[in-house]
Amino acid sequence: MPNRTIKKVAVLGSGVMGSRIACHFANVGAEVLLLDIVPKEGTDRDAVAKGHLAFALKSNPSPIYDKSFAKRITTGNFDDDLPKIKDCDWVIEVVVERLDIKQQVYANVEKYRTPGTLITSNTSGIPIHSLLKGRSEDFTKHFLGTHFFNPPRYLPLLELIPSPKTDPAVVAFLEEYGRRVLGKVTVLAKDTPAFVANRIGVFGIMDIFHLITDMGLSVEEVDRLTGPVIGHPKSATFRTADVVGLDTLVNVAKGVHDNCPKDERNALFAIPEYLQKMVEKDMLGSKTGKGFYFKDRSSKKGEILSLDLKTLEYKPQVKPKFATLDAAKKVDDLRERTKLVYHGTDKAGEFYRRSFQAMFAYVSNRIPEISDELYRIDDGMRAGFGWELGPFETWEAIGVKEVMEEMKAKGVKGAPWVDEMIAAGHKTFYKREGGKRLFYDIPSKSYKPVPGQEGLIVLADLPESSIVWKNKNATVRDIGDGILAVSWNSKMNTIGAEVIQGLNKAIDLAEEGYKGLVVYNDGALFSAGANVGMIFMMAVEQEYEDLDMAIRTFQNTMMRMRHSSIPVVAAPHQLTLGGGTELCMHADKVVAHAETYMGLVEFGVGVIPGGGGSKEFALRLSDELKEGDIRINRLRHRFLTIGQAKVSTSGQEAFDLGYLREGLDEVIVSRAHQLAYAKGCALALWERGYTKPPIRRDIKVLGREGLGIVHVGANSMQSGNYISEHDALISEKLGYVLCGGDLSEITEVSEQYLLDLERKTFLELCMQRKTLERLQSIITSGKVLRN
């Protein structure tokens, strides 16, 4: 669809979904018109839309990247403002799930809509074709379902459901726009009940709802079995049900049961007796305070109790114990771990075999009913339900042929096409060739490229020949056009000795014969920072010379990134803490994903940023310095960002906190496009004649003028019992570094001067008993100790 752009969007309906969809369009820079009904009482005719939007903006987590973006949303009402949709490029209907009301809205939309404008519905339960009765040819041509998953900012799934009359060019445009601009995983779905992800996801939940009683398992046991150990979210099965709402789950299940009589597992969607009783008793989950779990606020610690499904009474949780899970703890690779648990010889292994086999049979039989291509089902479950591996990917990890044979032995019927695939000598649903991911296409009985890969770079899909160097944790790859990429895969992507070696080697190689370097990681997060366990061990053993060398090596590596002869671009996403943030702050440019949570959080473990972060804040403070009170305000802002261990709630907020630089660093919404875009930025810096930046020796520090402010502030906070004595000590040490030490006047110092000061201070704090207690707490419990 040539030359179509989306500058202005109308969202009709401002409820939970409508207001949050409006916020996400504002996130990507669109102008949004948010309309709802005129209230029955009061003089403000726009009060409904205004109220819903205000509620959304106050919710946590926030639906918007930056509160200033809310200015892009204009509220109104259907009676007065519907004519304004004539200026909109896309009209999205998000009103109540009633066919008659939706059809009435469309009749009114047709009066004002400009021909050619996109018109879509966010319905999750009404057949798309039934919405089009009485609509014009142009309306039907540009109409389809666009099912955003809630919350739209955080869940990347966008299901597209065309009708037989939808222009294929419209579908193609929205597939690309959803991926590139909205940052979505777009899944083309057929117009069937619950579409793709909910059809499969709710099947999996209902299967477990029945399996739990059949096998005599407890709620907490099932949640332990169906969470991160198999690459699913921590909320697993029953906590997810509580969050979604049992009434919502029941409605979806009943919809499938009533509208899919030919589904071979139709009976499974019948509501179990215990679940029906829970709904009748208003035990609907988080929304009513009681579900499969209940927080007992009468107890001192607010104990979380679990439900006994036989009695529907709450009881203290019992920690699940399974030999299979104990064995799984030792396996980091998800695919290997999945295979291990499937073959478990205890009750857990039996549970996995029964649930996995049921799921595998079900998804294989849904093709071509809900989708013609298997990869769309995997995409839907990863993007909509947070699975790390989709069902076909999970099946492949265990072994397609092996599992199919076991299913037959158990009387579990997979689809005939799987047998045909195996008979033809194909052992997997996916394979990689030439840097592309291919999927098994059932009609042609051959492998085809997964669409939408054009212009993308996926590290896992690159051939082995792209690897130019690697060690235990770090890998350096040639990603084409003279650009290298360095990545690592340590636990939580922490930065230890192997990663430091990898970063230095990547710079060495890039300087020898390449044009630039991108620092980028796959997986759930960019980096949780430096290896705290290593620091703790050195400090406990009082190996201060070794610790000094480790910190110095980290600092030198950051300085190499800043002052190398080639451009270095960092591309962080999700958690980017401590040393991960310091790394980004030393790159020539940062291309952060919109969901990047950056922070210098060292204060929480009793130290200050020691990998150049404190130095870099002092340097940036110097560049901001102005005469009068402003410089003190700037110091206070920088000091509190580190002192309060502030973490950005988005890539955009990282600018406000000073981790990213206005006019230089960027935020990208599409995670899929991030690496390719970062590569393009590195190449552009090279082509513009990149010059090695000089080491700064003109950093203005405030000396005693700033130290006075720091000491007064720390003493005041301690006197008011807001911070502990140790917090006050760390505050004064941090202030000492940011102000350049005990200098009598504003003085110009070098980067190395500040690095030495930073490292000395870090070591001094590591000698403190209370710092060691904080380090031990974070290592053993994952909790910040305020001692």
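Residues numbered from 1 in each chain as written. Predicted model: local features only at pLDDT ≥ 70, side-chain atom pairs only at ≥ 80, totals over all residues. Heavy atoms only, no water.

K.L.:
Can you tell me about the overall build of the protein, naming the residues and giving the values?
P.N.:
Per the secondary structure count, the protein includes 30 helices and 25 strands. On C-alpha atoms alone, the protein measures out to a radius of gyration of 28 Å, which is about the 28 Å that the 2.2 N^0.38 rule sets for 787 residues. By residue count, 55% of the 787 residues in the protein fall in the buried class. When contacts within the protein are restricted to residue pairs at least 6 apart in sequence, those whose partners lie at least 24 apart make up 69%. Of the roughly 33900 Å² that the protein leaves accessible, carbon and sulfur atoms contribute 52%. The distance from the centre of the 102 positive side-chain charges to the centre of the 103 negative ones in the protein is 2 Å. (Helix = DSSP H or I, 4+ residues; strand = E, 2+ residues; numbered from the N terminus. Rg over C-alpha atoms; globule rule 2.2 N^0.38 Å. Buried < 20%, exposed > 50% of the residue type's maximum accessible area, 1.4 Å probe, protein only. Contact = heavy atoms within 4.5 Å. Areas by Shrake-Rupley, 256 points an atom, 1.4 Å probe, with all protein chains shown as cover. Lys, Arg positive; Asp, Glu negative; His and termini not counted. Charge placed at Lys NZ, Arg CZ, Asp CG, Glu CD.)

K.L.:
Before we move on, could you go through unusual backbone geometry and cite the residues and values that matter?
P.N.:
Across the junction of Asn-60 and Pro-61, the peptide omega takes the value 5°, indicating a cis bond. Relative to the assigned elements, Pro-61 resides in the loop between helix 2 (47-58) and strand 3 (73-77). Here Asn-150 and Pro-151 are connected by a cis peptide whose omega angle stands at 0°. Tracing the backbone through its elements, the reader meets Pro-151 in the loop between strand 6 (143-148) and strand 7 (157-162). Unusually for a residue other than glycine, Lys-445 sits at a positive phi of about 55°. Along the chain, the position of Lys-445 falls in the loop between strand 13 (436-441) and strand 14 (446-449). With a phi angle near 55°, Gln-542 is a residue other than glycine that sits in the positive phi range. Among the structural elements, Gln-542 can be located in the loop between helix 20 (532-540) and helix 21 (544-563). Judged by its relative accessible area of 56%, Gln-542 is exposed.

K.L.:
Before we move on, can you summarise the side chain of Asn-122 with the specific residues and values?
P.N.:
The topology assignment puts Asn-122 in the loop between strand 5 (118-121) and helix 5 (137-141). From its side chain, Asn-122 meets the backbone nitrogen of Phe-148 in a polar contact 2.8 Å long. The contact partners of Asn-122, leaving out residues within four places of it in the chain, are Met-17, Ile-21, Glu-93, Val-94, Thr-146, His-147 and Phe-148. (Polar contact = N/O pair within 3.5 Å; in protein donor to acceptor, adjacent residues only side chain to side chain.)

K.L.:
Describe in detail the sheet that holds strand 14, supporting the description with residues and values.
P.N.:
Across the sheet, which stays open at both edges, the three strands sit in the order 12-13-14 with antiparallel pairing between neighbours. Every interior strand has two partners, whereas the edge strands, strand 12 (430-433) and strand 14, have only one. Pairs of neighbouring strands in the sheet enclose a mean axial angle of 40°, with direction left out of account. Where strand 13 and strand 14 come together, four bridges link them in antiparallel fashion. Its bridge partner being in strand 14, Tyr-440 is matched across the sheet by Tyr-447. (Pairing = 2+ DSSP bridges. Axes fitted to C-alpha atoms, helices over the stretch in contact; angles between N-to-C directions.)

K.L.:
Explain the pattern of salt bridges residue by residue, including any values.
P.N.:
Pairs may arise between side chains of opposite charge once their charged atoms sit close together. Tallying each qualifying case throughout the model produces 56 salt bridges. Measuring nitrogen to oxygen at the nearest pair gives 3.0 Å for the salt bridge that ties Lys-287 to Asp-247. With Lys-287 in the loop between helix 11 (273-280) and strand 9 (293-296) and Asp-247 in helix 10 (residues 246-259), this pair connects stretches of sequence that are 40 residues apart. For Asp-247, a relative accessible area of 25% puts it in the partly exposed group. Salt bridges sharing common partners tie together Arg-199, Asp-263, Glu-264, Arg-366 and Glu-369. (Salt bridge = Lys/Arg side-chain N within 4 Å of Asp/Glu carboxyl O.)

K.L.:
Lay out the sheet that holds strand 9 with the relevant residues and their values.
P.N.:
Spatial strand order, 9-10-11: three strands in an open sheet with antiparallel pairing. Single-partner strands in this sheet number two, and they are strand 9 and strand 11 (313-316). Neighbour-to-neighbour, the strand axes of the sheet open up by a mean angle of 45°, direction not taken into account. Here strand 9 pairs with strand 10 (residues 303-308) via four bridges, running antiparallel.

K.L.:
Please give an account of the environment of Ile-126 that cites residues and values.
P.N.:
Mapped onto the secondary structure, Ile-126 falls in the loop between strand 5 and helix 5. When neighbours within four sequence positions are excluded, Ile-126 is seen to be in contact with Glu-97, Arg-98, Leu-99, Lys-102 and Leu-131.

K.L.:
Which residues make up the pairing of strand 15 (residues 467-470), and what are the values?
P.N.:
Bridge count for strand 15 against strand 16 (residues 474-478) is three bridges, and the pairing is antiparallel. Paired with Trp-469 across the strands is Val-476, a residue of strand 16.

K.L.:
So what's going on with the packing of helix 7 (residues 197-215) against helix 14 (residues 347-365)? Residues and values would help.
P.N.:
Two elements in contact, helix 7 and helix 14, have axes separated by 10 Å at closest approach and are oriented at 145°. Pair helix 7 / helix 14 crosses with right-handed handedness. On the side of helix 7, the interface is formed by Arg-199, Ile-200, Phe-203, Gly-204, Asp-207, Ile-208, Leu-211, Asp-214 and Met-215, while helix 14 contributes Lys-347, Glu-350, Phe-351, Arg-354, Ser-355, Ala-358, Met-359, Tyr-362 and Val-363. Split by residue class, the contact of helix 7 with helix 14 holds 10 nonpolar, two polar and six charged. (Left-handed = near helix turned anticlockwise from the far one by under 90°. Nonpolar A, V, L, I, M, F, W, Y, C, P; charged D, E, K, R; others polar.)

K.L.:
Outline helix 29 (residues 751-766), listing residues and values.
P.N.:
With 16 residues, helix 29 should reach 22 Å at 1.5 Å per residue; the first-to-last C-alpha distance of 23 Å fits that figure. Along helix 29, the positions that sit buried rather than exposed are Glu-751, Leu-754, Leu-755, Leu-757, Glu-758, Arg-759, Thr-761, Phe-762, Leu-763, Leu-765 and Cys-766. (Expected span 1.5 Å × (residues − 1).)

K.L.:
Give a detailed account of the nonpolar core, specifying residues and quantitative values.
P.N.:
A general feature of soluble globular proteins is that nonpolar side chains tend to end up buried together. Formed by 111 residues in total, the largest nonpolar core has its most connected members in Leu-12, Phe-209, Phe-292, Tyr-352, Phe-392, Trp-395 and Trp-417. No other element matches the 11 residues that helix 7 contributes to this core. What Phe-209 contacts, discounting residues up to four positions off in sequence, is Thr-237, Phe-238, Ala-241, Leu-249, Pro-272, Tyr-274, Leu-275 and Phe-292. In terms of nonpolar packing, the next biggest core, distinct from the first, is built from 73 residues, Leu-547, Val-590, Val-701 and Val-749 among them. (Core = buried A, V, L, I, M, F, W, Y, C linked by side-chain atoms within 4.5 Å.)

K.L.:
Account for a negative patch on the surface, naming residues and giving values.
P.N.:
Where like charges cluster on the molecular surface, the negative patch consists of Glu-541, Glu-543, Glu-545 and Asp-546. With respect to the element layout, Glu-543 can be found in the loop between helix 20 and helix 21. (Patch = residues over 30% accessible without salt bridge, like charges linked within 9 Å, V, L, I, M, F, W, Y side chains within 5 Å.)

K.L.:
I'd like a description of the state of the cysteines, backed by residues and values.
P.N.:
Under the definition given, this model contains zero disulfides. Lacking any disulfide linkage, Cys-88 is separated from the closest cysteine sulfur, that of Cys-23, by 16 Å. (Disulfide = S-S within 2.5 Å.)

K.L.:
Lay out helix 16 (residues 391-398) with the relevant residues and their values.
P.N.:
Here helix 16 lies mainly inside the structure; seven of its eight residues are buried. Looking only at helix 16, the buried set comprises Pro-391, Phe-392, Glu-393, Thr-394, Trp-395, Ala-397 and Ile-398. The positive-phi residue at the C-terminal boundary of helix 16 is Gly-399, with phi of around 130°.

K.L.:
So what's going on with the environment of Glu-264? Which residues, and what values?
P.N.:
Of note, Glu-264 is situated in the loop between helix 10 and helix 11. Dropping the residues within four chain positions of it, Glu-264 is found in contact with Tyr-362, Asn-365 and Arg-366. Within the structure, the side chain of Glu-264 is placed 2.9 Å from the side chain of Arg-366, a separation counted as a polar contact.

K.L.:
Describe the packing of aromatic side chains, naming the residues involved and giving the relevant values.
P.N.:
Enumeration over the complete set of coordinates arrives at 31 aromatic pairs. With a centroid separation of 5.5 Å and 70° between ring planes, the pair formed by Tyr-106 and Phe-143 is classed as edge-to-face. With Tyr-106 in helix 4 (residues 99-112) and Phe-143 in strand 6, the pair connects residues that are 37 residues apart, well separated along the chain. Residues Tyr-106 and Phe-143 agree in their burial class; the two are buried. On the basis of an interplanar angle of 20° and a centroid distance of 5.5 Å, the ring pair of Phe-209 and Phe-238 is categorised as stacked. Separated by 29 residues along the polypeptide, Phe-209 in helix 7 and Phe-238 in helix 9 (residues 238-244) bring together distant segments of the chain. A relative accessible area of 1% means that Phe-209 is categorised as buried. Through a chain of ring-to-ring contacts, the aromatic side chains of Tyr-342, Phe-351, Tyr-352, Phe-356, Phe-360, Phe-392, Trp-395, Trp-417, Phe-429, Tyr-440 and Tyr-447 assemble into a single cluster. Lying over the aromatic face of Phe-139, Arg-135 brings its terminal NZ or CZ to 5.7 Å of the ring centre. The lysine or arginine in question, Arg-366, covers the ring of Tyr-362, its NZ or CZ lying 4.3 Å from the ring centre. (Phe/Tyr/Trp six-rings, centres within 6.5 Å; stacked < 30°, edge-to-face > 60°. Lys NZ or Arg CZ within 6 Å of the ring centre and 35° of its normal.)

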